[in-house]
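An overview of the molecular structure
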Amino acid sequence: MEISKEHFKKEYSRALTSLYASEIQDLTPLEQYITLGSVVKEYASQNWMQTKKKNQQSQAKQVYYFSIEFLPGKLLKSNLLNLGILDTVREGLAELGVDFASLEAAAADPGLGNGGLGRLASCFLDSMATCDIPGNGNGIRYRYGLFKQKFVNGFQVELPDDWLRHADVWETRRENKAELVRFFGDVHLEEDEEGVIKVSYSNTEDILAVPYDTGILGYENDTVNNLRLWSAEIPTNAELEYYPEERRKSIHSISEMLYPDDSSYDGRLLRLKQEYFFVSAGVQSIIRYYRRLGVPIEHLAEKVSIHINDTHPTMCIPELMRILLDEEGLSWDAAWTITMKTCSYTNHTILAEALEKWPERMLSNLVPRIYQIICEINRRHLESMTVLYGADFTQRTAIIQDGVIHMANLAIIGSHSVNGVAKLHTDILKEKALHDFYLAYPARFNNKTNGITHRRWLLLSNEGLSDLISDYIGTEWKKKPNELYLLKAFKEDTILLEKLEQVKLANKERFAAYVKEEMGIEIDPNAVFDVQIKRLHAYKRQLLNVLHIISLYLKLKETNVEEEMVPRVFIFGAKAAPSYSYAKEIIKLINAVADLINNDATIDDKIKVIFVENYGVTLAEKIIPAADISEQISLVTKEASGTSNMKLMLNGAVTLATLDGANVEIHDKVGDENMLLFGMQDKELYHFYDSNSYHSQEIYDHNPRLKRCLDALVDGTIPNIEAEGREIFDSLLKYNDEYFVLKDYDSYVQAQSRIDGLYRDRKKWNQMSLMNIANAGEFSSDYTIMHYADEIWNVNHNKNL
Ligand code: 26Q
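What you see is a predicted model; the values in this text were computed from it and never measured.

Criteria and cut-off values
- Residues numbered from 1 in each chain as written.
- Predicted model: local features only at pLDDT ≥ 70, side-chain atom pairs only at ≥ 80, totals over all residues.
- Heavy atoms only, no water.
- Helix = DSSP H or I, 4+ residues; strand = E, 2+ residues; numbered from the N terminus.
- Rg over C-alpha atoms; globule rule 2.2 N^0.38 Å.
- Buried < 20%, exposed > 50% of the residue type's maximum accessible area, 1.4 Å probe, protein only.
- Contact = heavy atoms within 4.5 Å.
- Areas by Shrake-Rupley, 256 points an atom, 1.4 Å probe, with all protein chains shown as cover.
- Lys, Arg positive; Asp, Glu negative; His and termini not counted.
- Charge placed at Lys NZ, Arg CZ, Asp CG, Glu CD.
- Phe/Tyr/Trp six-rings, centres within 6.5 Å; stacked < 30°, edge-to-face > 60°.
- UniProt positions renumbered as here; feature names shortened; annotations may be inferred.
- Pairing = 2+ DSSP bridges.
- Axes fitted to C-alpha atoms, helices over the stretch in contact; angles between N-to-C directions.
- Patch = residues over 30% accessible without salt bridge, like charges linked within 9 Å, V, L, I, M, F, W, Y side chains within 5 Å.
- Salt bridge = Lys/Arg side-chain N within 4 Å of Asp/Glu carboxyl O.
- Parallel < 35°, antiparallel > 145°, perpendicular 65-115°, else oblique.
- Nonpolar A, V, L, I, M, F, W, Y, C, P; charged D, E, K, R; others polar.
- Domains from an automatic or database assignment.
- Buried area = accessible area lost by both parts, 1.4 Å probe.
- Polar contact = N/O pair within 3.5 Å; in protein donor to acceptor, adjacent residues only side chain to side chain.

This next bit is on the overall build of the protein. If you tally the helices and strands in the protein, you get 32 helices and 23 strands. Its C-alpha atoms give the protein a radius of gyration of 27 Å, within 12% of the compact-globule value 28 Å for 801 residues. Dimensions of the protein, computed from the C-alpha atoms along their principal axes, are close to 95 × 75 × 55 Å. Taken across its 801 residues, the protein has 61% of its residues classed as buried. Pairs at least 24 apart in sequence give 76% of the contacts found in the protein among residues at least 6 apart. Accessible area of the protein: about 31,500 Å², with a carbon and sulfur share of 48%. Both charge centroids of the protein, one from 88 positive and one from 117 negative side chains, sit 2 Å from each other.

We note that F740 has phi near 55°; this positive angle belongs to a residue other than glycine. Mapping F740 onto the fold places it in the loop between α29 (722-732) and α30 (741-760). Judged by its relative accessible area of 4%, F740 is buried.

Time to look at the packing of aromatic side chains. Counted by the stated rule, this structure contains 21 aromatic pairs. The interplanar angle of 70° and the centroid separation of 4.8 Å between the aromatic rings of F151 and F611 together place this pair among those described as edge-to-face. Taken together, the positions of F151 in strand β3 (residues 148-152) and F611 in strand β20 (residues 607-612) put the pair 460 residues apart, joining distant regions of the chain. An identical accessibility class is assigned to F151 and F611; each is buried.

Further remarks concern the UniProt feature "modified residue: N6-(pyridoxal phosphate)lysine" (unreviewed entry) in the protein. According to UniProt, the feature "modified residue: N6-(pyridoxal phosphate)lysine" (unreviewed entry) maps to K647 in the numbering used here. Within the secondary structure, K647 sits in helix α24 (residues 644-650). Here K647 falls in the buried class, since its relative accessible area comes to 7%. When sequence neighbours within four positions are dropped, the list of residues in contact with K647 reads R119, I452, W457 and I624.

Strand order across the open sheet formed by six strands is β20-β19-β18-β21-β22-β23, with parallel pairing between neighbours. One side of each edge strand has no neighbouring strand; the edge strands of this open sheet are β20 and β23 (676-677). With four bridges joining them, strand β21 (residues 629-632) and strand β22 (residues 654-657) adopt parallel strand pairing. Looking at β22, one finds that I629 is bridged to V654. Running over the sheet, helix α21 (residues 542-558) touches β18 (528-533), β19 (568-573), β20 and β21 and is turned about 155° from β19. On top of the sheet, helix α31 (residues 762-774) reaches β21 and β22; it is set at about 85° to β22, its chief contact.

Time to look at the pairing of strand β12 (residues 343-346). Note on strand geometry: in a regular strand, side chains alternate between the two faces of the sheet. With burial as the criterion, each face of β12 is covered, one bearing C343 and Y345 and the other bearing S344 and T346. Bridge count between strand β11 (residues 304-309) and β12: four bridges; the pairing is parallel. Considered in β12, the bridge of H307 is made with S344. As paired elements, β12 and strand β16 (residues 417-420) share three bridges and run parallel to each other.

Turning our eyes to something else, we now look at a nonpolar patch on the surface. A grouping of V387, L388 and Y389 is seen on the molecular surface, where their side chains present a nonpolar patch of about 340 Å² in accessible area. Here V387 shows up in helix α13 (residues 368-389).

Right, let's get into the packing of helix α20 (residues 494-519) against α31. Closest axis-to-axis distance for the α20/α31 pair is 9 Å, and the angle between their directions is 85°. One way to sum up the angle between α20 and α31 is to call them roughly perpendicular. In this structure, α20 uses T494, L496, L497, L500 and E501 to contact α31, whose residues at the interface are R762, K763, N766, Q767, S769, L770 and I773. Across the contact of α20 with α31, the residue classes break down as five nonpolar, four polar and three charged.

Right, let's get into the domain arrangement of the protein. Its domain assignment divides the protein into domain 1 (1-57 + 75-108), domain 2 (59-72 + 111-356 + 415-448) and domain 3 (454-784). Using only C-alpha atoms to locate each centre, domain 2 and domain 3 end up separated by 34 Å. The partner domain 3 presents 46 residues to the 41 residues of domain 2 that form the contact. Carbon and sulfur atoms make up 56% of the area that domain 2 and domain 3 hide from each other, which totals about 3,600 Å². For the pair domain 2 and domain 3, the number of links is five salt bridges. A salt bridge links D126 to R455, with the shortest nitrogen-to-oxygen separation between them at 2.8 Å. The interface formed by domain 2 and domain 3 holds 18 residue pairs in polar contact (both at pLDDT 80 or more) in total. Of all the elements in the fold, those that place two or more residues in the side of domain 2 that touches domain 3 are α6 (116-130), β3, β4 (155-159) and α16 (423-433). Per-element tally for the side of domain 2 that touches domain 3: the top contributor is α6, with eight residues.

On to the sheet that holds strand β15 (residues 404-406), then. Across the sheet, three strands lie side by side as β13-β15-β14; this open sheet has antiparallel pairing. At either end of the open sheet lies a strand with only one pairing partner, and these are β13 (357-359) and β14 (400-401). As paired elements, β14 and β15 share two bridges and run antiparallel to each other. If you follow Q401 over to β15, its bridge partner there is V404.

This is the structure:
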């Protein structure tokens with residue numbers, strides 16, 4: 001949009017007066033942020049209206065991305081960037097004596113997700129808007145987001161994330177678009193005179209789902225899509241119905257908080273309620289919109305795509321069936337064909353403990369009509385499959401097995417597309433995890449390697465690097481990120497390479513200042529910044545990282561090799577699920593190691609360990625531009641894709657990795673010269689599994705360096721970790737090291753030891769960094785989303801691949 005600085009200043013001042021009746025200097029940064037937000041929201045609202053109108057008139061096909069998590073990050077700067085007025089506004093504010101950064105800092109970061117899956121959903125919304133895809137997010141407006149993490153004596157402590165305390169400037173409450181969601185009660189099926197089944201209910205508990213909409217702006221294209229988050233409220237239309245306190249609480253609890261576990265199935269009723277709540281509200285609102293278009297219901301799949309992000313929204317399938325059967329009066333076969341054509345599903349994990357399974361009794365009680373429909377889907381599935389494949393094979397693909405409902409099986413059976421999130425992950429789905437389904441429905445399976453929006457993860461968070469890139473290859477890459485490959489031509493350009501080094505240094509200085517301010521620890525910007533930022537989980541092997549740190553420390557203490565070592569700052573950011581005690585023990589260990597090393601004067605600042613509190617989107621934006629090394633060290637086959645690997649690469653970090661998840665694609669792009677690979681590969685791991693021949697104790701017995709390092713966990717070398725040290729030690733030896741940390745240890749240490757030499761050759765290092773940036777454009781979620789649009793949703797997009 002076009003707007004002059006002067007005009008903006010006037011509007012900003014006017015808004016200040018109207019909201020607070022105060023002068024600029026009397027307002028807090030938060031109040032100023034709220035003011036600025038309301039002005040920016042108004043700027044976007046014309047486009048929001050236009051986009052809606054245009055889609056309605058053209059009856060364009062709509063995508064609905066159902067996700068129980070979204071992690072949008074702060075929206076002020078990204079909205080300004082997308083509107084094309086970031087500089088105007090920043091300069092205008094500066095002239096008014098207002099510091100933009102302090103306003104931005106005052107905003108809350110909506111933590112409505114745990115990690116990768118939620119952030120991916122938000123990257124996808126960003127890319128759909130930018131690619132002019134009529135895309136809608138559908139989720140839950142949690143009153144409390146993911147807990148705020150604090151460290152007390154090195155232990156993780158969880159505090160509530162009260163992100164709505166000061167209201168959210170971007171959302172719009174739409175009470176007139178509320179939907180009723182039915183829980184519990186009895187279902188009555190009655191045949192009328194014409195033999196049509198009529199469904200009625202009694203004794204249900206109805207909940208009002210009120211939508212809050214947030215505009216999702218496309219990049220400089222005037223498109224504004226919608227993220228719709230549902231809030232659970234007490235129905236207002238019930239005739240003076242009395243709601244005892246107990247009932248009111250139970251209703252509000254549905255959208256009260258996000259479940260803080262990202263890796264293990266939790267069979268609690270409230271979680272199931274959350275799932276049906278946002279699914280039912282979302283699907284009902286889709287059908288309501290569709291009816292207004294006046295297109296016959298038989299054509300639904302031509303106008304609507306419903307995407308199921310992991311199994312959490314799987315009840316979209318029976319919910320859509322319910323509406324088509326009970327409300328639209330379609331036959332089963334007609335309804336089923338439409339449902340399958342409309343729905344598609346993404347799998348994000350093969351970890352057995354994360355697969356959703358619900359007790360049959362829980363569904364039959366909570367959502368009886370949905371349960372009936374699932375039973376019928378299952379019955380027909382078994383009937384048609386048994387003829388083709390026999391009873392044993394069919395039974396393995398059943399939705400209901402031994403009183404348990406397998407959500408992934410339902411999602412696969414009811415969708416026309418099933419995708420994994422990186423090449424290796426999709427291959428594992430086809431060949432192992434979902435092999436039976438792959439044999440039955442090979443055409444449904446496809447890969448869509450994840451992506452990240454380069455707008456948030458480069459343009460916004462690393463302005464220095466963005467400007468440098470544009471100085472050399474122009475600005476086309478901002479709209480066509482693949483053009484970053486043009487940087488390859490400058491591989492021998494020493495001036496560019498030096499500038500690249502300076503940009504990185506400036507980012508490291510900025511992050512060092514943050515660390516000094518927040519933690520009171522001094523770190524040297526000339527050290528190698530070695531970064532591992534992701535949820536804490538055993539399979540991600542933060543433990544391998546810290547064992548290497550302990551080894552380095554012991555080496556420095558025991559020998560005198562300090563002179564040769566390039567100083568290193570190890571940076572961690574990670575939250576552990578509150579119930580995941582092993583992960584919390586690892587947090588405690590890292591903090592204890594940090595304490596020991598950071599305060600040991602004999603180490604002479606050769607090593608520093610920084611574990612930032614409360615890692616999330618906002619912190620990621622500060623850390624990633626400052627990273628030299630990207631740690632992607634999961635046990636091979638366990639990390640479905642990873643996305644921090646892509647963000648770090650895009651910002652010029654060199655990846656230290658196993659050949660897992662999307663690291664495979666990164667390696668395909670940059671080659672051995674620009675990446676540090678180590679560790680077992682999938683075949684080797686399968687061999688260990690098949691032959692049962694892994695014995696961690698043998699490695700311990702034959703590797704004195706590793707032994708010394710593990711003993712440090714239990715012999716008092718590291719203070720204050722008595723119980724934790726012992727638990728971790730036992731997990732590695734007594735319980736045979738489930739994640740093969742000891743097996744990969746040597747190869748990891750060896751890869752680590754190559755870094756100093758590479759880094760000391762500044763030109764070489766800068767070239768590696770440049771090659772990573774140059775090859776990262778392919779991982780823009782714009783491309784990922786265009787593949788979804790073409791190959792899964794069959795919806796138009798407005799960008800050339
Ligand atoms: C399920 C049931 C009950 C409570 C919580 C959950 C739950 C919530 C979140 C289960 C899983 C998640 C999140 C999983 C996740 O983030 N997976 C990551 O998805 C990324 C995007 O595809 C991948 O890059 C990562 O590899 C994968 O770990």
